[in-house]
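Report on the structure
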Amino acid sequence: MDANFPVRHRKVSLETKGNKTDIVICSYEDHILVIATQIGAMGTILHARKEEGMSVEPTFSVSVIFGKRDEPMLIATARRLIDHISSYVPSKPLVLSLGLKDHSSETLKEIVAAVIENRLW
C-alpha cells in the first residue's frame with residue numbers, strides 16, 4: 001500500500017484466460033470500491049448493498065449504475081461479493097466496476113476469488 005494515498009487500498013494483477021486483469025480494492029469509510037479491468041477502463045459500474053429487513057435470510061440489492069444492463073453474470077458477481085462483504089461489515093455497500101474483455105463465469109469467479117483473498121474489510 002502507498003502510505004501517501006489517503007484511502008486504504010490494494011492493487012492486484014492476475015492472468016485470466018490469457019487476459020491481464022488489474023484489480024484495485026479501496027476501503028472508504030462508507031463503502032467498498034472494487035475496480036477490475038482488462039481494457040484499461042471502468043466498464044460497467046454496479047452498486048450492491050445489503051437490505052435491512054425482518055427476514056432471517058439476508059437480501060441484497062444490486063443495480064447497474066452505468067454500462068451493460070443485459071449481463072446477468074456481472075450482477076451475479078456483484079451479488080456474490082456483497083454477500084461476502086456484508087458478513088464482515090454489514091453496513092458498507094459495494095461499488096463494483098468491471099471493464100472486461102471476457103465475461104465468462106470462469107473469469108468472474110477468478111476475479112471474485114482474488115478480491116476476497118486480498119480483501120480490506
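The preceding data block contains the structure.
Residues numbered from 1 in each chain as written. Predicted model: local features only at pLDDT ≥ 70, side-chain atom pairs only at ≥ 80, totals over all residues. Heavy atoms only, no water.

On to the environment of Phe60. Assignment of secondary structure puts Phe60 in strand 5 (residues 59-66). Owing to a relative accessible area of 15%, Phe60 belongs among the buried residues under this scheme. Along the primary structure Phe60 and Pro93 are separated by 33 residues, whereas in three dimensions their C-alpha atoms are 9.9 Å apart. Not counting chain neighbours up to four residues away, the residues in contact with Phe60 comprise Arg49, Lys50, Glu51, Arg79, Ile82, Asp83 and Ser86. (Helix = DSSP H or I, 4+ residues; strand = E, 2+ residues; numbered from the N terminus. Buried < 20%, exposed > 50% of the residue type's maximum accessible area, 1.4 Å probe, protein only. Contact = heavy atoms within 4.5 Å.)

Now for the sheet that holds strand 6 (residues 94-99). As a general point, the strands of a sheet are linked pairwise by backbone hydrogen bonds and lie either parallel or antiparallel. Here we have 6 strands laid out as an open sheet, ordered 1-2-3-6-4-5, and mixed in their pairing. With partners counted over all chains shown, the strands left at the sheet margins are strand 1 (8-16) and strand 5, one partner each. Across the sheet, the mean angle from the axis of one strand to that of its neighbour is 15 degrees, orientation sign disregarded. Across 6 bridges, strand 3 (residues 32-37) lies against strand 6 in parallel orientation. Across the sheet, residue Thr37 finds its bridge partner in strand 6, namely Gly99. (Pairing = 2+ DSSP bridges. Axes fitted to C-alpha atoms, helices over the stretch in contact; angles between N-to-C directions.)

Moving on to the pattern of salt bridges. Enumeration over the complete set of coordinates arrives at 4 salt bridges. Among the ionic pairs, Asp22 bridges to Lys20, the shortest N-O distance being 3.1 Å. You can call Asp22 partly exposed: its relative accessible area is 29%. Arg49 is the salt-bridge partner of Glu51, the closest N and O atoms lying 3.3 Å from each other. Given a relative accessible area of 36%, Arg49 falls into the partly exposed group. (Salt bridge = Lys/Arg side-chain N within 4 Å of Asp/Glu carboxyl O.)

Moving on to the nonpolar core. Formed by 28 residues in total, the largest nonpolar core has its most connected members in Ile23, Val34, Leu94, Leu96, Leu98 and Val115. It is helix 2 (residues 105-117) that provides the largest number of residues to this core, a total of 6 residues. Look past the residues within four positions of Val115 in its chain and what remains in contact with it is Ile23, Ile25, Val34, Leu81 and Trp121. Within the second largest apolar cluster, 6 residues are counted, among which are Leu33, Ile35, Ile45 and Val95. (Core = buried A, V, L, I, M, F, W, Y, C linked by side-chain atoms within 4.5 Å.)

Further remarks concern the packing of helix 1 (residues 72-86) against helix 2. If you want to describe how two helices pack, look at the angle between their axes and the distance between the axes. Running from N to C, helix 1 and helix 2 cross one another at 20 degrees; their axes reach a closest spacing of 10 Å. Looking at the two axes, helix 1 sits roughly parallel to helix 2. Viewed along their axes, helix 1 and helix 2 form a crossing whose handedness is right-handed. Between helix 1 and helix 2, the residues in contact are Met73, Leu74, Thr77, Arg80, Leu81 and His84 and Ser105, Leu108, Lys109, Val112, Val115 and Ile116, respectively. (Parallel < 35°, antiparallel > 145°, perpendicular 65-115°, else oblique. Left-handed = near helix turned anticlockwise from the far one by under 90°.)

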